[in-house]
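# Overview (structure and organization)
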Amino acid sequence: MRLLTLPLALVLLLGFSSAAHAQDVEQYFQQNCSACHSIGGGKIVGPDLKGVLERQDRQWLVDFIVDPNSKLDSGDPYAQELLAAANNVRMIKLGVDPVLANALLDYIGTKSKEAGAAAAPVEEETSFTAEQVSAGRDYFTGARSFRNGAPSCNSCHTTASIGSWGGGHLGPDLTAAMTRLGGRRALTGWLGIPGSATMSPVFRDHKLMPDEIDALVAFLEAENNSGAADAPSSTANFLGVGIIAAIALLALFGFLWKDRYTATRIPMVEKSKR
Amino acid sequence: MLDTLFFVVLPYLSLLLFFLVGISRYRKRPFSVTSLSSQFLENRKHFWSTVPFHYGLIGVLTIHLAGLLIPDTILAWNASHARLLFLEVTGLALGILALVGLINSIKRRLQLPRMKVVTNTSDWVLLVLLLIQIVLGILVAINHSWGSSWFAASASPWLWSLFTLSPDTAYVATMPLLVKLHIINAWIIIGYFPFTRLIHVLVVPNPYLWRKTQVVLWHRDRKTVRIKD
């Protein structure tokens, strides 16, 4: 009996783990890939992955998923073609190993068969309201805070109308972000699961709500359509103000301790000589 | 790979050195736990090095510590743009103050023969490390604003991932080079800390703040003990 139990347990365990694995891969795709890629839903930021295995060799795809930069930098013509089609937005290195990359390709292959004909990407014609644009601006600057506790955009980004003193310069200027990503749909998808390696760990636990995303898209679309150039760098001005403030503090120290020698030390020395 | 080395291995190694060497030094050579003040050797140049350096650095470290301990409060504070600018300009000014103090301190130790004598190799290494760190900090502040916000959002969770023994380098792996160098040099300073006079930071004479004042009474006849000029 006991002899039978062990193999049975093993079979059950393996069966469960492979089912769990398939679920993991689907979940992984939803959490890490779907912001930029659909399977049969048209181009978002990156290409529609429906039938990707028919377009390119499997090993090439595995290599690309594992380390997009080395393929993109190698001058590989197909990689260059992809980069141009994605408005030069590079796919980020997600830390996927070849095993997971193969599992993802299997998942994409299965889904490709289920998916219907690729729908042409539909850009909504509706325009955003002024309230949405203004709410988006407030979310951007932090005047209105995100409900799940995400930091406001201006911690790291600025735009033309926010100005160089208004927003941060850790990440890129977002004035033309919508054009760079490839439209409203791409931007909406991106904000749902921010795909950059710096943003993704921060926003993983602080997801933006749909209405917040809409407001931000409205604001960034308005910035994009304004056609303004990126906000200028604030480095020199900020340093200048910092130096002035430092000089003021030095002057304050000089004033506060102006009696430092004359009040105690010099009289004491004089007194001891008497 | 490098990320693991710099943002997991280095921090733990530095913390290990900090505590093991720090405690061992305090137990074995308690009288070496001092800043070795040189104020009595020279005081005029000393004032313009030690005062800006200490007030600047204590302020800057307090802001870093606040970002680590109360990140949500910092983000809430920064929700108002005027408050954000106030915090950022204050932080930058304090950093510049620390730099001015440190440069004066280095000049004083280089220029005055009696100061050169009491400065050992370890002091020079430390001064250079601190100079690099403060310059990097200022460069990060002016090139990659707003540090107070993104420190709270990105660097703080990374540090907490280290402290809770579940290191997650994703938060810092893609930071700009200047930020990475500032972080790496910070851990080098923390690891080197217990070998240097920085050890005095751990024994700040806090009781001075609340102990009763002491009145010094002179009983001797000054004329009899006076040194003849």
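Residues numbered from 1 in each chain as written. Chains lettered and ligands numbered in written order. Predicted model: local features only at pLDDT ≥ 70, side-chain atom pairs only at ≥ 80, totals over all residues. Heavy atoms only, no water.

### With respect to the packing of aromatic side chains
Residues and elements named next belong to chain A. So the rule is basically this: Whether two aromatic rings pair depends on their centres lying within 6.5 Å, for rings of Phe, Tyr and Trp, where Trp uses its six-membered ring; planes under 30 degrees apart make the pair stacked, over 60 edge-to-face, and the rest tilted. By definition, any uninterrupted DSSP run of H or I lasting at least four residues is a helix, any uninterrupted run of E lasting at least two residues is a strand, and each is numbered from the N terminus. A simple rule labels every residue: compare its accessible area, found with a 1.4 Å probe on the protein chains alone, to the largest value its type can have, and call it buried under 20%, exposed over 50%, or partly exposed in between.
Inspection of every chain in the model, using the stated rule, returns 19 aromatic pairs over all chains. Relative to Phe-238, the ring of Trp-165 has its centre 5.7 Å away and its plane inclined at 85°; by these criteria the two rings are edge-to-face. One end of the pair, Trp-165, is in the loop between helix H7 (130-141) and helix H8 (177-181); the other, Phe-238, is in helix H12 (residues 235-256), with 73 residues separating them in the sequence. Overall, Phe-238 belongs to the buried group, its relative accessible area being 0%. Plain terms: the ring middles of Phe-253 and Trp-257 are 5.8 Å apart, the flat faces sit at 50° to each other, and that makes the pair tilted. Owing to a relative accessible area of 7%, Phe-253 belongs among the buried residues under this scheme.

### Section: the domain arrangement of chain A
Put simply, the rule reads: Residue ranges for the domains trace back to a domain assignment, done automatically or taken from a database.
Looking at the assigned domains, one finds that chain A contains domain 1 (18-114), domain 2 (130-225) and domain 3 (245-273). Taking the mean C-alpha position of each, domain 2 of chain A and domain 3 of chain A sit 52 Å from one another.

### Looking at the packing of helix H2 (residues 44-69) of chain B against helix H7 (residues 147-163) of chain B
Residue and element names in this part refer to chain B. What counts is decided by this rule: The axes are straight lines fitted to the C-alpha atoms, using for helices just the contacting stretch, and the angles between their N-to-C directions are given from 0 to 180°. Angles are sorted into four bins: roughly parallel if under 35 degrees, roughly antiparallel if over 145, roughly perpendicular if 65 to 115, and oblique for all others. What makes two residues a contact is simply this: any of their non-hydrogen atoms within 4.5 Å. Basically, the charged four are Asp, Glu, Lys and Arg, the nonpolar ten are Ala, Val, Leu, Ile, Met, Phe, Trp, Tyr, Cys and Pro, and anything else, Gly included, counts as polar.
Between H2 and H7, whose axes approach to 8 Å, the crossing angle comes to 70°. By the criterion of interaxial angle, the relationship of H2 to H7 is roughly perpendicular. Between H2 and H7, the residues in contact are His-64, Gly-67, Leu-68 and Leu-69 and Phe-151, Ala-152, Ser-156, Leu-159, Trp-160 and Phe-163, respectively. Tallied by class, the residues present in the contact of H2 with H7 amount to seven nonpolar, three polar and no charged.

### Structural notes on the interface of chain A and chain B
Reports often express the size of an interface as the amount of accessible area lost when the parts come together. To be explicit about the condition: Accessible area, probed at 1.4 Å, shrinks when two parts are joined; the buried area is that loss added up over both. Salt-bridge detection follows one rule: a side-chain nitrogen of Lys or Arg within 4 Å of a carboxyl oxygen of Asp or Glu.
Contacts between the two partners involve 41 residues from chain A, matched on the other side by 40 residues from chain B. Of the roughly 3500 Å² buried where chain A meets chain B, counting both sides, 66% is carbon and sulfur surface. Run the count over chain A and chain B and you get one salt bridge. A salt bridge links Asp-168 of chain B to Arg-204 of chain A, with the shortest nitrogen-to-oxygen separation between them at 3.2 Å.

### Some remarks on the pattern of salt bridges
Residues and elements named next belong to chain A. All chains considered together, the criterion is met by 10 salt bridges over all chains. We note a salt bridge from Asp-211 to Arg-147, for which the minimum N-O separation is 2.8 Å. With Asp-211 in helix H11 (residues 210-226) and Arg-147 in the loop between H7 and H8, this pair connects stretches of sequence that are 64 residues apart. Using a relative accessible area of 39% as the deciding quantity, one classes Asp-211 as partly exposed. One salt bridge connects Glu-221 with Arg-184, and the closest N-O pair in it is separated by 2.9 Å.

### Digging into unusual backbone geometry
Residue and element names in this part refer to chain B. Of note, the amide linkage connecting Ser-145 to Trp-146 takes the cis form, showing an omega dihedral of -10°. Inspection of the secondary structure puts Trp-146 in the loop between helix H6 (121-143) and H7. Unlike most non-glycine residues, Leu-36 shows phi in positive territory, near 50°. Looking at the secondary structure, you find Leu-36 in the loop between helix H1 (2-28) and H2. The residue Leu-165 is not glycine, and still its phi comes out positive at about 60°. Mapped onto the elements, Leu-165 comes out in the loop between H7 and helix H8 (177-192).

### Let's talk about the environment of Arg-109 of chain B
Residue and element names in this part refer to chain B. Here Arg-109 lies in helix H4 (residues 81-111). Here Arg-109 falls in the buried class, since its relative accessible area comes to 8%. Residues contacting Arg-109, with those up to four places away along its chain left out, are Ser-38, Met-115, Lys-116, Val-118, Thr-119, Trp-124, Leu-127 and Arg-197.

### Some remarks on the nonpolar core
For clarity, the threshold we go by: Nonpolar cores were defined as sets of buried Ala, Val, Leu, Ile, Met, Phe, Trp, Tyr and Cys residues, with membership established by side-chain atoms within 4.5 Å.
Grouped together as the largest cluster of nonpolar side chains are 49 residues, with contacts concentrated most on Phe-140, Leu-191, Leu-208 and Leu-216 of chain A together with Trp-158 of chain B. For this core, the elements supplying multiple residues, two or more each, are H7, H8, helix H9 (184-192), helix H10 (199-204) and H11 of chain A together with H1, H7 and H8 of chain B. Among the elements that line this core, the one with the most residues is H7 of chain B, at seven residues. Looking at which domains feed residues into this core, each of domain 1 (18-114) and domain 2 (130-225) of chain A supplies at least three. Leave out the neighbours within four places in its chain, and Phe-140 of chain A touches Ser-152, Cys-153, Asn-154, His-157, Thr-158, Thr-159, Ile-162, Leu-174, Leu-216, Phe-219 and Leu-220 of chain A.

### Quick look at the packing of H2 of chain B against H4 of chain B
Residues and elements named next belong to chain B. We apply this condition: When the near helix sits turned anticlockwise from the far one by under a right angle, the crossing is termed left-handed; a clockwise turn instead gives a right-handed crossing.
Between H2 and H4, whose axes approach to 7 Å, the crossing angle comes to 145°. Remark: the crossing between H2 and H4 carries left-handed chirality. Contacts between H2 and H4 involve Lys-45, His-46, Trp-48, Ser-49, Pro-52, Phe-53, Tyr-55, Gly-56, Leu-57, Gly-59, Val-60 and Ile-63 from the former and Leu-87, Gly-91, Leu-94, Gly-95, Leu-97, Ala-98, Gly-101, Leu-102, Asn-104, Ser-105, Arg-108 and Gln-111 from the latter. A breakdown of the residues in the contact of H2 with H4 according to their chemical character gives 12 nonpolar, 10 polar and two charged.

### Observations regarding the state of the cysteines
Defined as follows: By disulfide we mean two sulfur atoms from cysteines, separated by a distance within 2.5 Å.
The full count for this structure, using the stated rule, is zero disulfides over all chains. Here Cys-153 of chain A is not disulfide-linked; the sulfur of Cys-156 of chain A is the nearest cysteine sulfur, at 9.4 Å.

### A look at helix H3 (residues 58-66) of chain A
Among the residues of H3 of chain A, Trp-60, Leu-61, Val-62, Phe-64 and Ile-65 of chain A are the ones counted as buried. Residues of H3 of chain A that are buried sit in contact with helix H2 (52-55), helix H4 (68-73), helix H5 (77-85) and helix H6 (98-114) of chain A.

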